[in-house]
Amino acid sequence: MRNVAIVGVSQTKFGEHWDKSLRDLIVEAGNAAINDSGVERKSIQSLFIGSMSSGRYAGQEHLGALAADSLRLTPIPATRFEGACASGSLAFRNAYIDVASGQHDCAIVLGVEKMTDVKGPEAITSLAAAGDQEWEAAIGLTFAGLYALMARKHMHDFGTTREQMAMVSVNNHKNGVANKYAQFQMPITVQDVLKSSLVADPLRLLDCSPLTDGAAAIVLMSEEKAKRIANPVWILGSGQGSDTLALHDRASFTEMPATVVAAKEALKGADVKISDMSLLEVHDCFSINELIALEDLGFCRKGEGGKFVESGKIAIGGEIPVNTTGGLKAGGHPVGATGVRQIIDIVRQLRGDSCNQLKNPEYGMNLNVGGSGATAVINIFGKEMK
Ligand SMILES: CC(C)(COP(=O)(O)OP(=O)(O)OC[C@H]1O[C@@H](n2cnc3c(N)ncnc32)[C@H](O)[C@@H]1OP(=O)(O)O)[C@@H](O)C(=O)NCCC(=O)NCCS
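Only a predicted model underlies this, so the values are computations on that prediction, with no experimental measurement involved.

Close inspection of predicted coordinates is inappropriate in any region flagged by low pLDDT. Mean pLDDT over the protein works out to 97, with 100% of the residues at or above the 70 mark. When pLDDT is averaged over each element of the protein, strand β2 (residues 46–50) comes out on top at 99 and helix α9 (residues 223–226) at the bottom at 93.

In structure tokens form, the structure reads like this:
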């Protein structure tokens, strides 16, 4: 496998874009990433796009061709990837393999979702299709409901408190304030979370990621071609895992084996340790998921995620800064774009141009989860090539 660099990144603002179409979002993010890379359009040889449910949300399928056409990249191969909320990272991982394998020298990855053109209940029903339609969605179990079951079990088994979960959202909102692309740029308190309206007990409005429109794009290049590009960021490893589609089929409600498998593969490929990470982007679709991610990745023991968050270790300046630009909670969660956006925020940290710049970060990792943990994708990035 060849070394691969990220040479250009861009995202649209995340939020409600009633005045822009799905195509507009793709074009805006794609063109800006190409400009950011300085690469000529004719150098791009393949296109990968992640989207979970563009047919249900925007009435548009066949996004590979739509993106290649709209970005004036035809006739290159253009393919769509779907893995629920992990669709963006799945597209990215396949683009990485494409360039690392030597098949192509330069690829573009896009992630997109336009979720707010349909009414809220319709959007939530579409999201529920990423669970088990027969055994979960058909009986009315939404994703908030599934993660609420995990939260209750975590509270029951380990004594995790409502306040500890709220602190996840507080940290993400604090980090989102400086992020001009974020859906919500306002700080919140633990009391705000605890007083917000109940969505699925024990999860409240401010424990949940929102419904969002947005797109994000990345340009990748082989080492040989990237040598001429200033300030590349290197992809050091990538891993992917899967699990039962339905939550009730799992041995445990409080861990995600797909994450553990993906982390092992990515760390092995990158030849680094989890303790080498300078920052993390994790999938905080609901506050409980960030606690579970920190445990599954090995930053603390199983059951101790709540205490870990409470100790302040995930804050900027803490032991392992998490979601330094607001995560899904404050940044927004246009599901197909989220994984790509996570990677962009790590790239900006490693390039030194983040809105909340850390001091000399060396390595970053993103964890993008699909459904209630049935798909997990992890990628590891470095400032220097290994
Ligand atoms: C939490 C949720 C149910 C709220 O939906 P809703 O009650 O229909 O909310 P509305 O769109 O009517 O918005 C009402 C207000 O709350 C705000 N709001 C909505 N979701 C919010 C969130 N997650 N965080 C903070 N504020 C939020 C809106 O901006 C709006 O504010 P305003 O009155 O000042 O304009 C919805 O966002 C949701 O289902 N989120 C989870 C999405 C999901 O499952 N993703 C996949 C994860 S696996």
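On to the pairing of β2, then. By the criterion of burial, β2 is predominantly enclosed, with five of the five residues buried. Of the two faces of β2, the one holding Ser46, Phe48 and Gly50 and the one holding Leu47 and Ile49 are both buried throughout. Relative to strand β4 (residues 106–114), β2 is paired through five bridges, and the arrangement is parallel. Looking at β4, one finds that Phe48 is bridged to Val109. Judged from the four bridges that link them, β2 and strand β3 (residues 78–81) form a sheet pairing that is parallel. Counted as the bridge partner of Leu47 is Ala78 from β3.

Taking 1.5 Å of rise per residue, 14 residues should cover 20 Å, and helix α4 (residues 87–100) covers 20 Å from first to last C-alpha, within 8% of that figure. In terms of burial, α4 is a largely internal element, twelve of the 14 residues being buried. For α4, every residue scored as buried is listed here: Ser87, Gly88, Ser89, Leu90, Ala91, Phe92, Arg93, Ala95, Tyr96, Asp98, Val99 and Ala100. Phi for Gly102, located one or two positions after α4, is positive at around 95 degrees.

By nearness alone, 15 residues border the ligand, and Ile124, Leu127, Cys208, Ser209 and Lys329 come closest of all. Taking Pro210, its main chain carries an N or O atom lying 3.5 Å from a nitrogen atom of the ligand. Relative to its unbound accessible surface of 920 Å², the ligand loses 59% to contact with the protein. Split by residue class, the shell around the ligand holds twelve nonpolar, two polar and one charged.

Below, the discussion takes up the pairing of strand β8 (residues 233–242). Within β8, eight of the ten residues are buried, leaving the element largely enclosed by the surrounding structure. Alignment of strand β1 (residues 4–11) against β8, held across three bridges, turns out to be antiparallel. Across the sheet, the residue bridging to Val4 is Ile235, located in β8. When β8 meets strand β11 (residues 375–382), the two strands line up antiparallel, connected through eight bridges. Bridging across to β11, Gly239 finds its partner in Ile378.

With that settled, the discussion passes to the nonpolar core. Ranked by size, the top nonpolar core spans 90 residues in total, and within it Leu47, Tyr147, Leu280 and Leu297 carry the most contacts. There are two domains that each give this core at least three residues, and those are domain 1 (4–119 + 211–233) and domain 2 (122–209 + 236–382). When sequence neighbours within four positions are dropped, the list of residues in contact with Leu297 reads Thr259, Ala263, Ile274, Leu280, Val282, Met365, Leu367 and Ile378. Val4, Tyr96, Ala107 and Leu350 belong to the second largest nonpolar core, which has 30 residues in total.

The rules we used
Residues numbered from 1 in each chain as written. Predicted model: local features only at pLDDT ≥ 70, side-chain atom pairs only at ≥ 80, totals over all residues. Heavy atoms only, no water. pLDDT = per-residue confidence, 0-100. Helix = DSSP H or I, 4+ residues; strand = E, 2+ residues; numbered from the N terminus. Buried < 20%, exposed > 50% of the residue type's maximum accessible area, 1.4 Å probe, protein only. Pairing = 2+ DSSP bridges. Expected span 1.5 Å × (residues − 1). Near = heavy atom within 4 Å. Polar contact = N/O pair within 3.5 Å; in protein donor to acceptor, adjacent residues only side chain to side chain. Areas by Shrake-Rupley, 256 points an atom, 1.4 Å probe, with all protein chains shown as cover. Nonpolar A, V, L, I, M, F, W, Y, C, P; charged D, E, K, R; others polar. Core = buried A, V, L, I, M, F, W, Y, C linked by side-chain atoms within 4.5 Å. Domains from an automatic or database assignment. Contact = heavy atoms within 4.5 Å.

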